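# Structural overview
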Amino acid sequence: MSATDRYIRNNDFYASHFAEQKPMEPSEHVAVVACMDARLNIYAILGLKEGEASVIRNAGGVITDDVIRSLAVSQQLLGTREIILIHHTDCRMLTFPGYSLKDPIRGKDNLKPLWPEESFHDVTIDLRRSISRVKSSNYILHNEAVRGFVFDVSTGHLDEVK
């Protein structure tokens, strides 16, 4: 049985205990941007419950144009006011020299994508850059409550980066 088949079977159990549909707007008015690393259970790390926050994830948790788009939707259409950015130790995006992927991602036509690779050498520096990108975006109307944290994958602790 494939992993997908197991997960679909797990959904039967989930659906049988599904209590009720939650409102579309996050009840805590929070948006979280984090790395897609499978070791990060954002809901457990922050103690979030379903329906409390918009959670946006990508490779490295970097602030790309698409993340800005998602944050703008979260704020302007769903009413979020706070933004939490989470990077983490031992991130795979830290392992690429010269801010580019060692073996660059290629399409089926062997061409590199047009989007930037967004790798980085220092998680704290990149997190500060991410905070700056969010705060300086013209589309993020509420930028007074943007905070960044580094999650330590060996201890489970979050450390705030100012």
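Residues numbered from 1 in each chain as written. Predicted model: local features only at pLDDT ≥ 70, side-chain atom pairs only at ≥ 80, totals over all residues. Heavy atoms only, no water.

## Observations regarding the overall build of the protein chain
Each helix and strand counted, the protein chain has 4 helices and 5 strands in total. Ordering the α and β elements of the protein chain from the N terminus gives α-β-α-β-α-β-α-β-β. Residues counted as buried form 36% of the 162 residues belonging to the protein chain. Taking the intrachain contacts of the protein chain between residues at least 6 apart in sequence as the baseline, contacts between residues at least 24 apart amount to 63%. Accessible area of the protein chain: about 10,400 Å², with a carbon and sulfur share of 54%. (Helix = DSSP H or I, 4+ residues; strand = E, 2+ residues; numbered from the N terminus. Buried < 20%, exposed > 50% of the residue type's maximum accessible area, 1.4 Å probe, protein only. Contact = heavy atoms within 4.5 Å. Areas by Shrake-Rupley, 256 points an atom, 1.4 Å probe, with all protein chains shown as cover.)

## Some points on the sheet that holds strand β3 (residues 82-88)
Pairing is mixed in the open sheet, where 5 strands are placed in the order β2-β1-β3-β4-β5. Looking at the sheet topology across the chains shown, the edges are occupied by β2 (53-58) and β5 (158-161). Each strand axis lies, on average, 25 degrees off the axis of its neighbour in the sheet, ignoring direction. Sheet analysis places strand β1 (residues 30-35) next to β2, joined by 6 bridges and oriented parallel. Bridge pairing in β2 places Ala31 opposite Ser54. (Pairing = 2+ DSSP bridges. Axes fitted to C-alpha atoms, helices over the stretch in contact; angles between N-to-C directions.)

## Re the pairing of β1
When you tally the buried positions in β1, you get 6 out of 6 residues, the bulk of the element. As paired elements, β1 and β3 share 5 bridges and run parallel to each other. When the bridges of β3 are listed, Val32 appears paired with Ile84.

## Notes on the pairing of β5
Taken together, the 4 bridges between strand β4 (residues 146-151) and β5 define a ladder with antiparallel strand orientation. Paired with Gly148 across the bridge in β5 is Val161. Once β4 ends, the chain turns through 6 residues before running back antiparallel as β5, passing Gly156 with a positive phi of about 85 degrees.

## Things to note about the nonpolar core
In globular proteins that are soluble, nonpolar side chains generally tend to be buried together. Counting 33 residues, the largest nonpolar core has Val32, Leu71, Leu85, Ile86 and Val134 as its most contacted members. Elements with a contribution of two residues or more to this core: β1, β2, α3 (65-76), β3, α4 (123-136) and β4. Broken down by element, this core gets its largest block of residues, 6 residues, from β1. Those residues in contact with Leu85 that sit more than four places away from it in its chain are Val33, Ile63, Leu127, Ser130, Ile131, Val134, Val146, Arg147, Gly148 and Phe149. (Core = buried A, V, L, I, M, F, W, Y, C linked by side-chain atoms within 4.5 Å.)

## Regarding the environment of Ser154
Counting through the fold element by element, Ser154 comes out in the loop between β4 and β5. Judged by its relative accessible area of 64%, Ser154 is exposed. Residues Ser154 and Thr89 lie 65 residues apart in sequence; the distance between their C-alpha atoms is 8.2 Å. A polar atom in the side chain of Ser154 sits 2.6 Å from the side chain of Asp152. (Polar contact = N/O pair within 3.5 Å; in protein donor to acceptor, adjacent residues only side chain to side chain.)

## Side note on α3
The first and last C-alpha atoms of α3 sit 16 Å apart over 12 residues, in line with the 16 Å expected at 1.5 Å per residue. Taken together, the buried positions of α3 are occupied by Val67, Ile68, Ser70, Leu71, Ala72, Ser74 and Gln75. Contacts from the buried residues of α3 go to β1, β2, β3 and α4. (Expected span 1.5 Å × (residues − 1).)

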